[in-house]
Protein chains: 2
Amino acid sequence: MTFVNEHYLKLRGGYLFPEIGRRVEAFGEANPKLAERLIRCGIGDVTEPLPPAVVTAMHHAVDELANRKTFRGYGPGTGYEFLRATIAEHDFRGRGVDIADDEIFVSDGSKCDCGAILDILGPNNRLAITDPVYPVYVDTNVMAGNTGPGRDDGSYVGIEYLPCTAENGFVPALPGDAVELIYLCYPNNPTGAMITRDQLRAWVEYALSINAIILYDVAYAAYISDESLPKTIYEIDGARRCAIEFHSFSKNSGFTGVRCGYTVCPKDVQAVTRKEVEVPLHDLWTRRWNTKSNGVSYPVQRAAEATYSKDGAGQIGELVKHYLGNAKRLREGCESAGLTAYGGLHSPYVWVVCPEGIDSWGVFDRLLNEAQLVTTPGVGFGSCGEGYFRISAFNTRENTEAAVERLRNVSW
Amino acid sequence: MTFVNEHYLKLRGGYLFPEIGRRVEAFGEANPKLAERLIRCGIGDVTEPLPPAVVTAMHHAVDELANRKTFRGYGPGTGYEFLRATIAEHDFRGRGVDIADDEIFVSDGSKCDCGAILDILGPNNRLAITDPVYPVYVDTNVMAGNTGPGRDDGSYVGIEYLPCTAENGFVPALPGDAVELIYLCYPNNPTGAMITRDQLRAWVEYALSINAIILYDVAYAAYISDESLPKTIYEIDGARRCAIEFHSFSKNSGFTGVRCGYTVCPKDVQAVTRKEVEVPLHDLWTRRWNTKSNGVSYPVQRAAEATYSKDGAGQIGELVKHYLGNAKRLREGCESAGLTAYGGLHSPYVWVVCPEGIDSWGVFDRLLNEAQLVTTPGVGFGSCGEGYFRISAFNTRENTEAAVERLRNVSW
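Everything numeric here is computed off the predicted structure, so don't read it as measured data.

A. Geometry of the packing of aromatic side chains. For the structure shown, the criterion picks out 44 aromatic pairs over all chains. On the numbers, 6.4 Å between centres and 65° between planes, the contact of Phe92(A) with Tyr234(A) is edge-to-face. Of the two residues, Phe92(A) is situated in helix H4 (residues 81-92) and Tyr234(A) in the loop between strand S6 (213-217) and strand S7 (243-248); the sequence distance between them amounts to 142 residues. Side by side, Phe92(A) and Tyr234(A) carry an identical accessibility label, which is buried. On the basis of an interplanar angle of 85° and a centroid distance of 5.4 Å, the ring pair of Tyr134(A) and Tyr137(A) is categorised as edge-to-face. Residue class for Tyr134(A) comes out buried when judged on its relative accessible area of 16%. One aromatic cluster in this structure is built from Phe92(A), Tyr234(A), Phe249(A), Phe255(A), Tyr262(A) and Tyr308(A). The ring of Tyr349(A) is capped by Arg390(A), whose NZ or CZ atom sits 4.0 Å from the centre of that ring. Across the ring face of Trp289(B), the terminal group of Arg288(B) is positioned such that the distance to the ring centre comes to 4.8 Å.

B. Quick peek at helix H13 (residues 397-409) of chain B. Residues and elements named next belong to chain B. Between its first and last C-alpha, H13 extends 19 Å over 13 residues, near the 18 Å set by a 1.5 Å rise per residue. Turning to H13, its buried residues are Thr 400, Ala 403, Val 404, Arg 406 and Leu 407. Within H13, the buried residues cover an arc of 165° as seen down the axis, which keeps them to one side. Summarising the geometry of H13, the exposed residues directed more than 90 degrees from the buried face are Glu 398 and Asn 409. Contact partners of the buried residues in H13: strand S1 (39-40), helix H11 (310-336), helix H12 (360-371), strand S13 (373-374) and strand S15 (388-392).

C. Quick look at the interface of chain A and chain B. On the side of chain B, 81 residues touch chain A, which itself brings 82 residues to the contact. Of the roughly 7200 Å² buried between chain A and chain B on both sides combined, carbon and sulfur atoms contribute 59%. Sorting the residues of chain A by area buried against chain B places Met1(A), Thr2(A) and Phe3(A) first, and these three jointly supply 12% of that buried surface. Across the contact surface, chain A and chain B share 6 salt bridges. Residue Arg287(A) is joined to Asp139(B) by a salt bridge in which the shortest nitrogen-to-oxygen separation is 3.7 Å. Summed over the shared surface of chain A and chain B, the number is 47 residue pairs in polar contact (both at pLDDT 80 or more). When contributions to the side of chain A that touches chain B are tallied by element, the ones reaching two or more residues are helix H3 (52-65), helix H5 (110-116), helix H6 (135-143), strand S9 (270-272), strand S10 (278-280), helix H9 (281-292) and helix H10 (298-306) of chain A. Tallying contributions element by element places H9(A) first for the side of chain A that touches chain B, with 7 residues. For the side of chain A that touches chain B, the class distribution of residues is 37 nonpolar, 26 polar and 19 charged.

Procedures and definitions
- Residues numbered from 1 in each chain as written.
- Chains lettered and ligands numbered in written order.
- Predicted model: local features only at pLDDT ≥ 70, side-chain atom pairs only at ≥ 80, totals over all residues.
- Heavy atoms only, no water.
- Phe/Tyr/Trp six-rings, centres within 6.5 Å; stacked < 30°, edge-to-face > 60°.
- Helix = DSSP H or I, 4+ residues; strand = E, 2+ residues; numbered from the N terminus.
- Buried < 20%, exposed > 50% of the residue type's maximum accessible area, 1.4 Å probe, protein only.
- Lys NZ or Arg CZ within 6 Å of the ring centre and 35° of its normal.
- Expected span 1.5 Å × (residues − 1).
- Arc of directions from axis to C-beta.
- Contact = heavy atoms within 4.5 Å.
- Buried area = accessible area lost by both parts, 1.4 Å probe.
- Salt bridge = Lys/Arg side-chain N within 4 Å of Asp/Glu carboxyl O.
- Polar contact = N/O pair within 3.5 Å; in protein donor to acceptor, adjacent residues only side chain to side chain.
- Nonpolar A, V, L, I, M, F, W, Y, C, P; charged D, E, K, R; others polar.

Structure follows, in structure tokens:
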């Protein structure tokens, strides 16, 4: 008999978004006419087309592959030098942050990296994960056997949950118990909150003091509209020794269907064997990519490179401005409807307090039924998300304005 | 302290191809003039440009992403229905083989799938792996902790190696001890050998009799030029209950840089928990993809779809014919040089016996130094590969003919 990875059997029934999809589908079947009015502000998927500079670069790369003289087969497992160097220069060194080209690992998306990083880490690390949280951090740890069984409230034994609430500005307090792996994401998904440089410094110092590693997700970094806020954890002294950072082209460049991201793994990040021999994670991560992958599609890597060109950067700036404009309208719309709203300033997400007496799936159902708005119930991101719902600003301006109008007309 | 996955530390110094690269680079530095003559018949990377139908499809898909009306963001984690259905119809149902659309899982390459499949399997399965072999099967199991430590000869404790030699036609005998996971690859890399339908049936019956699973790699299926030979394991009765099959667009369609492959996981394949509860692997594999990935780049999926169009299929047929023509010339060239050669009939690889008294790295070095030919030493694929070297037919016709000429002029 062949044995399964039994840890998969601990996973809860479904990933959040399939459940939302199921409810939306059921609504559509029961109300075919009303379903035509649906505005989707649920999943964080972009709606605007690719920037022209990216389109041109992809066409050019495809033409290169169409010609024997310029054809390219297998690329480097960790990404082409042209892209690694461009990223390191523009996102780090050009901004005074010390990251080498070969500390950039190109991938087909930051979701994949969040799971893949666990390949090189041991099963005996204690985890600290924010609550609410992007479900992938938790589920990939369950699958890797890094947690105990699930509890009725959807949490898992073996994870120290770090509550993020309006009271702490959605930036958690340092863990009470020692941990080895800490997941942080700012600008935050789902709360839309941002962390200050001082707050992030406290986390880095804490991680260094207990030899923990911070897995820092900056998929939404492009939405930071205040230069005093940290765009990368490596702006903080010491982070090169304790942090691995995940980046995405999805939300700034519209790459949710193109698929590209990257991970920064500095050479100074060490972990240990059970006998406390230090091992640089950079070596293992390189080995992981070269053994388990042949790298990212060549036209996709050229597309990512184009986002840093002068034209590309300008076009991406416009895209982000568009979504931030939506976020501002949504937040103000919620407030004018008498709701308490957070986020939306440095993030495409607005995090809204549920009106008294209705829980987050209750709000989801009411907005679906009464306003044909698809949102995301906060509890889907963890038990501290109960009492909130998330509205995504990834939409056309027209849909956003219609959504605001409908939010105002719901009588709570 | 954060703990590493210590299994990585069991891995041998380097993957085979980096070592080849190192020797070629050293040769080039010592002999810059001669290095200009190098002909690369080492790594199995294609040289011909993408088929025109694929190029057209990729351009079209990029244009769709450039327009808000036709833009697509996140796709399904397991692949778009348009591609899954096309694959299932053309590669299976149209040939009388029962595979459903949703048993096809689209990925960014079959190398990735070979590693990823271990995510859903337990650590306590006994492994049977052919020798010589594509190194990825072994290394990914080492990394996942499914083996013991390495031995001096490059093998690992905990793997039952299945010798593939000229004597058994490079199709191994059934394992002596019971195993749970069996890796087979036909047309074979590196030996270029093919398996008959009767031989494959014996393996399927054996796997069913001991409740083992066969991981069957058909990355080179397009090179089978005899209709009586099995193009997929699912041509064999019962394989739906015991086999997972890996496919690639790399070697037939020139996708080594485009990155696309697929895995077939039939709903009938079950594994068990330690308490012997049966679990369909299809469910876990689906969950794995939806949790750890957002699927393959949209233009890449359209490119893969185009390989099945009438034009695309014809163009791919020509590509394969070209490389098979090279393989025939290489095999005949070796024979006329007095060498014993195998493979090259249903495969782009020719597997050549080293002349007496020279081992496989010895042949590699001599061909590099005396003929400026880059080949692959057989021992790099496992200890049963000692005494052989591999020549790849992935080249232009011109280079292939020059390589044949040079092979003839080496005096052993």
